[in-house]
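Summary of structural features
Next come the chains, spelled out residue by residue.
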Amino acid sequence: MVKSITENPYGAFSTEDYSVFVVMLSISAGIGIYFGFFQGKKNQTTEDYLLGGRKMKIFPIAVSLIASQLSGVSIMSVPAEMYSYGAQYWIIAPTMFAIVLIINYIFVPVFYNNQITNCYQYLEDRFSPAVKKFVTFTYVLNIYLILPIFIFIPSLAFAQVTGTNVHVINGIVCCVCVFYTMLGGIKAVVWTDVVQGLIMFASCFLVVAVGVYKIGGFAEVFARAATGNRLEIFDMTFDASTRQTFWTASIGNVFLWTGYLGLNQSCVQRMVAVPSVRHARSALWIFCVGFIVITSLNCFTGIVIYAKYFDCDPIKVGLVGKADKLLPFFVQDVVGNLKGMPGVFISCVFSAGLSTMSANLNSLAGIIYEDYIRPFNLFKHSDATANNTMKGLILVSGMYCIVMGLVVEQFGHILQMVVTIASVTQGAVMGIFCLGMLWPWANKHGALWGSAVSVIGMSWIIAGAQFAIKSGQLSYPPKPTSVEGCSEYGFNVTQPQHSSFFTPEEESDGFSIYNISFVWYSTVGTFLVFLVGIPVSYLTGSQDLNKVQAKLFSPVVHWLLPETVRGGELSVKPEEDKPDQIKEWIYTPVEDYKLQDLHTVNEHTL
């Protein structure tokens, strides 16, 4: 560690760094002002505000998906995961090929064939309004639990390198995010994501490049990481209680990320903002490549951090409170002497957090307005009132995130916490959509009971696991670190003879459901939906396949449907005499030319 850090841990953030950070926030706010005021006439309808008029381009949508999926939690916690537990997490990168393949050919065609823009509307069409309301409620609850984390973690990084009060900076940045999301709608969200995505890639690359150079090259980095057992990727252990293995990182993440990317309203909203299925698939494949590159770079950052401190762990020395703060410490140490570089890094982390937060705020406002405000007819509904109401919802949600920062500050390992919270409902959402699209005989009773049992069951498992962690009965021990070289930096630290952590296997002779790795939660939740939903559907009278619409099912299972049903819906264009069946974010009468344009797009592309 450089001497300046130990003497003045908050002295490395210079005027140039603050300038870089302010410029990044100013660009984001400027984009919101541009689309809110100078492009205001093009944002007057609710369809424009939430979907960009369905005319968004492929590349910005793809970059927006990359930026919003790689949140500040990922930028900060993935390197910490690699430092503490090794390279096993990297398996998620190549697994993304399978995830995008599943989304492109199972989910995307169904959303486009049914003109769905609110993905939960599909559940009402396929099952019943009750099923839609239940799953929508779980989505809103899930987002409100996770959303404060996305923007608080970058604030934590800022506080680590500047000494600024974490809640002050959290409030300032939340206000900027709310400002441009309110003003510009989906267009501002997407184009700020593009700028922020480029900042993320450039800063991560520069930090890693400088770190590798100072360590002595790639060969030295990998040699140190191998010595510390940080390069094990193919751990083929068949043990569900092991934190990360090849099976958890691949199979477990397929269920987790397929649901998070393909069945999350904030993502679906951008997928259907492009003109056709072909455009949506192209955007997702571009996203796949970008995700693999950024994730691999992010994982390698953790390996470089370990190589830098392989003989003197900053956590044991007391320079860093926990692993999630290692990355800003590393940046301050490695590039802190380069004016502006710490500012670039902090801009990277905040860019990731802002992109995720803005995307979720935009989609959350649309969902709450459509499902929880509009049905009560409290006022006359029009595009203007809808847009203003959603802007108010975004403002309230932003204020909530600021207040909840006080709670997030108490969390332990952030990546584990985020996955755990998401998994309470993620498995149920994944299961119910798959049940609807892939099992034609499922009915509304099976769907409702299956999803309810999944949420209740996962809540019980996760609550039990958290209690076991709090009571010390369950722990995920990190790989060992060394302090043998700390004396060189003036620290007198003794290497402990025994780890203070223990594994579930050491404390229990039998298997406990509470001990399963948190990565398996979404997988278990998905299977619970099928285990309950299929039998209940049969017991309550299976869906009559002669009375279904083929477009409600994924094309991969159309062969299971009767010939009369398949033959009657070879074309997925909307019926001419039933324009009201088109699901779109418009609350005032639609002009004829817009309806004709929708028909033309469907006939040409679907």
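For the protein, the name recorded in an unreviewed UniProt entry is Sodium/solute symporter, with Culex quinquefasciatus as its organism. Per UniProt, the protein carries the Subcellular location (unreviewed entry) text "Cell membrane". What UniProt states about the protein under its Sequence similarities (unreviewed entry) heading is, verbatim, "Belongs to the sodium:solute symporter (SSF) (TC 2.A.21) family."

1. Observations regarding the overall build of the protein
Of the regular secondary structure elements, the protein holds 23 helices and zero strands. Counting the 606 residues in the protein, one finds 61% classified as buried. Taking all contacts inside the protein whose residues are at least 6 apart in sequence as the whole, residues at least 24 apart take part in 86%. For the protein, the computed accessible surface area is about 23,800 Å², with 64% contributed by carbon and sulfur atoms.

2. A word on the side chain of T138
On the secondary structure map, T138 appears in helix 8 (residues 129-162). T138 sits in the buried class, given a relative accessible area of 5%. A polar contact is formed between the side chain of T138 and the backbone oxygen of V135, at a distance of 2.6 Å. With residues near it in sequence (within four places) discarded, T138 still touches T425, V429 and V455.

3. Details of helix 6 (residues 92-113)
Helix length check: helix 6, at 22 residues, gives a terminal C-alpha distance of 30 Å against a target of 32 Å (1.5 Å per residue), a fit within 8%. Within helix 6, the axis deviates most sharply at N104, by approximately 35°. The element helix 6 is largely enclosed, with a buried count of 16 among its 22 residues. Directly after helix 6, the chain includes Q115, whose backbone phi takes a positive value near 55°.

4. Examining the confidence of the model for the protein
With 79% of its residues at a pLDDT of 70 or more, the protein shows a mean pLDDT of 76. Across the protein, helix 21 (residues 521-539) holds the top mean pLDDT of 92, while helix 1 (residues 3-7) sits lowest at 41. With pLDDT under 50 throughout, residues 497-508 is counted as low confidence; its partners more than four residues away or in other chains account for 16 contacts. Counted against residues more than four places away or in other chains, residues 570-606, with its pLDDT under 50, gives 64 contacts.

5. What to know about empty space enclosed by the protein
All told, the structure shown has five cavities of 30 Å³ or more when counted by the stated rule. For the second largest cavity, the calculated volume is near 150 Å³. What lines the second largest cavity is a set of 16 residues, and nearest its centre among them are Y139, N142, Y260, N264 and Q426. Elements represented by at least two residues in the lining of the second largest cavity include exactly helix 8, helix 11 (246-262) and helix 18 (414-438). The element best represented in the lining of the second largest cavity is helix 8, accounting for six residues. Taken together, the residues of the lining of the second largest cavity sort by class into nine nonpolar, seven polar and no charged.

6. Quick notes on the packing of aromatic side chains
Per the counting criterion, the structure on display carries 15 aromatic pairs. On the numbers, 5.2 Å between centres and 90° between planes, the contact of Y144 with Y400 is edge-to-face. Here Y144, found in helix 8, pairs with Y400, found in helix 17 (residues 383-408); they are 256 residues apart in sequence, far enough to count as distant. Note on W439 and W441: the rings are 5.1 Å apart at their centroids and 65° apart in plane angle, and the pair reads as edge-to-face.

7. Regarding the pattern of salt bridges
Considering all chains together, one arrives at five salt bridges under this definition. With its nearest N and O atoms 3.7 Å apart, the salt bridge here joins E124 to K132. With a relative accessible area of 29%, E124 lands in the partly exposed category. The exposure class of K132 is buried, given its relative accessible area of 6%. The shortest N-O distance in the salt bridge between R224 and E220 comes to 2.8 Å. Of this pair, R224 and E220 both sit in helix 10 (residues 218-227), four residues apart, which is roughly one turn of the helix.

8. Considering unusual backbone geometry
One non-glycine residue, N229, lies in the positive phi region at around 60°. Checked against the element boundaries, N229 lands in the loop between helix 10 and helix 11. Judged by its relative accessible area of 40%, N229 is partly exposed.

9. Observations regarding helix 15 (residues 326-335)
The buried fraction of helix 15 amounts to ten of the ten residues, a majority that puts the element mostly inside the structure. Buried within helix 15 are the following residues: L326, L327, P328, F329, F330, V331, Q332, D333, V334 and V335.

10. Topic: the packing of helix 11 against helix 21
Helix 21 packs onto helix 11 with a crossing angle of 65° between their chain directions and a minimal axis gap of 7 Å. On the basis of their axis angle, the class for helix 11 and helix 21 is roughly perpendicular. For the element pair helix 11 and helix 21, the recorded crossing hand is left-handed. In this structure, helix 11 contributes I251, G252, F255 and L256 to the contact, and helix 21 contributes S522, T523, T526 and F527. Residue composition of the contact of helix 11 with helix 21, grouped by class: four nonpolar, four polar and no charged.

11. Considerations on the nonpolar core
In this structure, F21, M96, F111, L123 and F433 are the most contacted members of the largest nonpolar core, which totals 153 residues. When residues in this core are grouped by element, the largest group, 18 residues, is from helix 9 (residues 166-215). In this view, F21 contacts F158, I169, V173, I346, S347 and F350; residues no more than four positions away in its chain are not counted. Ranked by size, the runner-up nonpolar core spans eleven residues in total, among them Y85, I461, I516 and V519.

12. Some words on the environment of F59
Position of F59 among the secondary structure elements: in helix 4 (residues 58-69). Counting along the chain gives 223 residues from F59 to S282, while the straight-line C-alpha distance between them is 8.8 Å.

13. Notes on the environment of N362
By the secondary structure assignment, N362 is in helix 16 (residues 341-373). It is 8.1 Å that separates the C-alpha atoms of N362 and M390, two residues lying 28 residues apart in sequence.

14. Side note on the environment of I103
When you line up the elements, I103 lands in helix 6. The spacing of I103 and L261 is 158 residues in sequence and 8.2 Å in space, taken between C-alpha atoms. Those residues in contact with I103, other than ones at most four positions away along the chain, are V108, P109, T258, L261, G262, M271 and L284.

What counts, and where the lines are drawn
Residues numbered from 1 in each chain as written. Predicted model: local features only at pLDDT ≥ 70, side-chain atom pairs only at ≥ 80, totals over all residues. Heavy atoms only, no water. UniProt positions renumbered as here; feature names shortened; annotations may be inferred. Helix = DSSP H or I, 4+ residues; strand = E, 2+ residues; numbered from the N terminus. Buried < 20%, exposed > 50% of the residue type's maximum accessible area, 1.4 Å probe, protein only. Contact = heavy atoms within 4.5 Å. Areas by Shrake-Rupley, 256 points an atom, 1.4 Å probe, with all protein chains shown as cover. Polar contact = N/O pair within 3.5 Å; in protein donor to acceptor, adjacent residues only side chain to side chain. Expected span 1.5 Å × (residues − 1). Bend = angle between axes of the 7 residues up to and from the residue. pLDDT = per-residue confidence, 0-100. 1 Å grid on protein atoms, 1.4 Å probe; cavity = no way out; pocket = protein on both sides within 12 Å on 5 of 7 lines; lining within 4 Å. Points joined across faces, edges and corners; volume = space filled by probe spheres on them. Nonpolar A, V, L, I, M, F, W, Y, C, P; charged D, E, K, R; others polar. Phe/Tyr/Trp six-rings, centres within 6.5 Å; stacked < 30°, edge-to-face > 60°. Salt bridge = Lys/Arg side-chain N within 4 Å of Asp/Glu carboxyl O. Axes fitted to C-alpha atoms, helices over the stretch in contact; angles between N-to-C directions. Parallel < 35°, antiparallel > 145°, perpendicular 65-115°, else oblique. Left-handed = near helix turned anticlockwise from the far one by under 90°. Core = buried A, V, L, I, M, F, W, Y, C linked by side-chain atoms within 4.5 Å.

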